[in-house]
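Structural features, examined
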Number of protein chains: 2
Amino acid sequence: MNTPELGLPVPVPAEGLPARVRIHEVGARDGLQNEKATVPTAVKAEFVRRLAGTGLTTIEATSFVHPKWVPQLADAEDLYPQLSDLPVSLPVLVPNERGLDRALALGARRVAVFASATESFAKANLNRTVDESLAMFEPVVTRAKGEDVHVRGYLSMCFGDPWEGPVPVPQVVRVCRALLDLGCDELSLGDTIGVATPGQVTALLTALTEAGVPVSALGVHFHDTYGQALANTLAALQQGVTTVDSSAGGLGGCPFAKSATGNLATEDLVWMLRGLGIDTGVDLGRLVATSVWMAAHLGRPSPSRTVRALSHQES
Amino acid sequence: MNTPELGLPVPVPAEGLPARVRIHEVGARDGLQNEKATVPTAVKAEFVRRLAGTGLTTIEATSFVHPKWVPQLADAEDLYPQLSDLPVSLPVLVPNERGLDRALALGARRVAVFASATESFAKANLNRTVDESLAMFEPVVTRAKGEDVHVRGYLSMCFGDPWEGPVPVPQVVRVCRALLDLGCDELSLGDTIGVATPGQVTALLTALTEAGVPVSALGVHFHDTYGQALANTLAALQQGVTTVDSSAGGLGGCPFAKSATGNLATEDLVWMLRGLGIDTGVDLGRLVATSVWMAAHLGRPSPSRTVRALSHQES
């Protein structure tokens, strides 16, 4: 049997979808942060380098959080300078002013803060109320913008929360507005525990649009915990979203929220987008090879369906 | 941490979707047919019984194919009578008149034939051309309809074929029309190797509608080989499809087509449909418990994301 399916899906565009999507690759940060194994700095650097070689243009590199909380990324100061020659955007997570100082000292031009739509997760993850966390971010965002640094605002638990259950749309809209009012350039709407379904996605995006938030400022960040991530992505694309977060090989999850395994795999996303005729600039074969390489370092197979299908055939 | 996410997704309907979907459960036939292990008849009977207890109303039970080709289902004559008290539809696959004779002798009221949209797969799977296979099905369908037996026509390789690559839409429409002209009551459009993306689904369904095929006669049968099954299902629902095939726990695949692993898991489908406020009548907790039970018999975990998420929490 020859295997044309080894290559790529047939591009058949669907009406009302964007022509291009920017993938915000989170594997090196959100992914590795949530792997049990701590990956050597040289492997991380090679990972980001290989990701950049696939055509990805936005690769979140690391986090300037206190090493006590995320020991997996304690090498941010060592790693980040090794990536300075790469012709891609390399956002970094900064939890507070101390993190911002560290990132700016290394020349970071894109940073991200990490907020919660729910009080329970704000308390669990940041040990603050939602409003206290926004107050903590205020000087971070203000100083970053003062240096013309691009700021992304992550918002977790936008659809469901393990303590609170369903999250009311107006509550999410309020925190989104607050983050934008602080000066965030873009938001990433997170389904941290992966419970969302497409109607919820449409409802939230519609409410945000009605609240005056331009869809161009919105990205989506879905987890595949219940297998819903790509269907939710399709719903978001149908609302005009053009920024989608995903993790090469489906690396990572969230250790602070039980069962929040399974970032959407970039390969599964690229398969769908390419099939829809939506340009991402990503070379799927190179990306699969990169995830297979990283899976060997982590000592476990990638959970990405596309990586498994294509790498089984190659082996 | 308490776990409201253990329960069910929040129902948030989306515009333009059907109010009800009928799930055509294929785990006991398409699933077990493609598992390496041959499952004892008593376990199969208990599996179907448990599936019926979840609220599923259409449960494909077995196949009256020659045991040489599908030894896993060689016990059809033993199994089928054990299910006769179940208050659900129990379609069976019949490859030819001999299979139909066996099914009718046991009182089957719903049968299915298995056609291919491509010459290559017709040759590989049926050792016939497409037209020769249609000629083989003609007396099967005619005789079944003469006894007022409901006939489903499976059509495989509707979107891509491992030998031929992309499958032209008019070619699929032609075989669909031919199956309906033979007298099939409904069709199941199969993405046998899982390569389809939502634009292809919309294009095929649109073409079929334009060719005069009522959408009520169409079901969709997606494989999750590249993780696309639920997104494709969403696209099909948006076109008005109300019959979706899936396999409890994601059992099975297709041994005749390389890399065609991964039927859409019924649990992942139910999560999405329930989240969309679409009635299926299925109790997700019971279904997950059934798949966990069957996974123990097969000695491997279910590939369903939803089964994994919910059973990890329960364990």
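What you are looking at is a predicted structure, and each value in this text was computed from that prediction instead of being measured.

Describing the domain arrangement of chain A
Residues and elements named next belong to chain A. Taken as a whole, chain A is organised into domain 1 (24–91 + 246–315) and domain 2 (109–242). For domain 1 versus domain 2, the separation of C-alpha centres amounts to 21 Å. Listed as interface residues are 25 residues of domain 1 and, on the opposing side, 22 residues of domain 2. Here domain 1 packs against domain 2, burying approximately 1700 Å² in sum over the two surfaces, 62% of which is carbon and sulfur. Our count for the domain 1 to domain 2 interface comes out at zero salt bridges. For the pair domain 1 and domain 2, the number of links is seven residue pairs in polar contact (both at pLDDT 80 or more).

A few points about the sheet that holds strand β4 (residues 92–93) of chain B
All names here are of chain B. With respect to topology, nine strands assemble into an open sheet ordered β2-β1-β11-β10-β9-β6-β5-β4-β3, the strand pairing being parallel. Where the open sheet ends on each side, the last strands, each with one partner, are β2 (58–59) and β3 (62–63). Pairing of strand β1 (residues 22–25) with strand β11 (residues 243–246) involves four bridges; the strand directions are parallel. Each residue of the ladder has a partner; that of Ile-23, found in β11, is Val-244. Taken strand by strand, helix α6 (residues 130–146) contacts β5 (110–116) and β6 (150–156), and its axis lies near 170° from that of β5. Helix α10 (residues 266–275) rests against β1 and β11 of the sheet, and its axis sits at about 175° to β1.

Details of the environment of A:Ser133
Residues and elements named next belong to chain A. Mapped onto the secondary structure, Ser-133 falls in helix α6 (residues 130–146). Overall, Ser-133 belongs to the buried group, its relative accessible area being 1%. Linking Ser-133 and Arg-152, residues 19 residues apart in sequence, is a C-alpha distance of 15 Å. In this structure Ser-133 touches Leu-126 and Arg-128, once residues within four positions along its chain are discounted.

Focus: the environment of B:Leu100
All names here are of chain B. For Leu-100, the position within the fold is in helix α4 (residues 97–105). Distance in space between the C-alpha atoms of Leu-100 and Ala-112 is 9.3 Å, their sequence separation being twelve residues. With sequence-adjacent residues up to four places away left out, Leu-100 is seen in contact with Val-94, Val-111, Val-140, Arg-143 and Ala-144.

Definitions and cut-offs
All residue numbers refer to positions counted from 1 along the written sequence of the respective chain. Each chain is given a letter, starting from A, and each ligand a number, starting from 1, according to the order in which they appear as written. It should be noted that, the model being predicted, local features are given only for residues of pLDDT at least 70 and side-chain atom pairs only at 80 or more, the latter also being counted only at that level, while totals for whole chains, interfaces and linings use all residues. Water and hydrogen atoms play no part in the side-chain values, which are based on all heavy atoms of the structure. Segmentation of the chain into domains, including their bounds, is taken from an automatic or database domain assignment. Any two residues whose heavy atoms approach within 4.5 Å at even a single point are treated as in contact. Here the buried area means the combined drop in accessible surface, using a 1.4 Å probe, for two parts upon being joined, counting both sides. Basic side-chain nitrogens of Lys or Arg form a salt bridge, by our definition, when they fall within 4 Å of a carboxyl oxygen of Asp or Glu. Counting of polar contacts relies on pairs of N or O atoms within 3.5 Å, with two restrictions inside protein: one atom must be capable of donating a hydrogen and the other of accepting it, and residues adjacent in sequence are counted only when both atoms are side-chain atoms. Following DSSP output, two strands are said to pair if at least two bridges run between them. Runs of H or I in DSSP of at least four residues are treated as helices and runs of E of at least two as strands, each being numbered from the N terminus. Axis definition: a line fit to C-alpha positions, over the contact stretch in the case of helices; interaxial angles, taken between N-to-C directions, run 0 to 180 degrees. For every residue, the accessible area obtained with a 1.4 Å probe (protein chains only) is divided by the maximum for its type, and the residue is called buried under 20%, exposed over 50%, and partly exposed between those limits.

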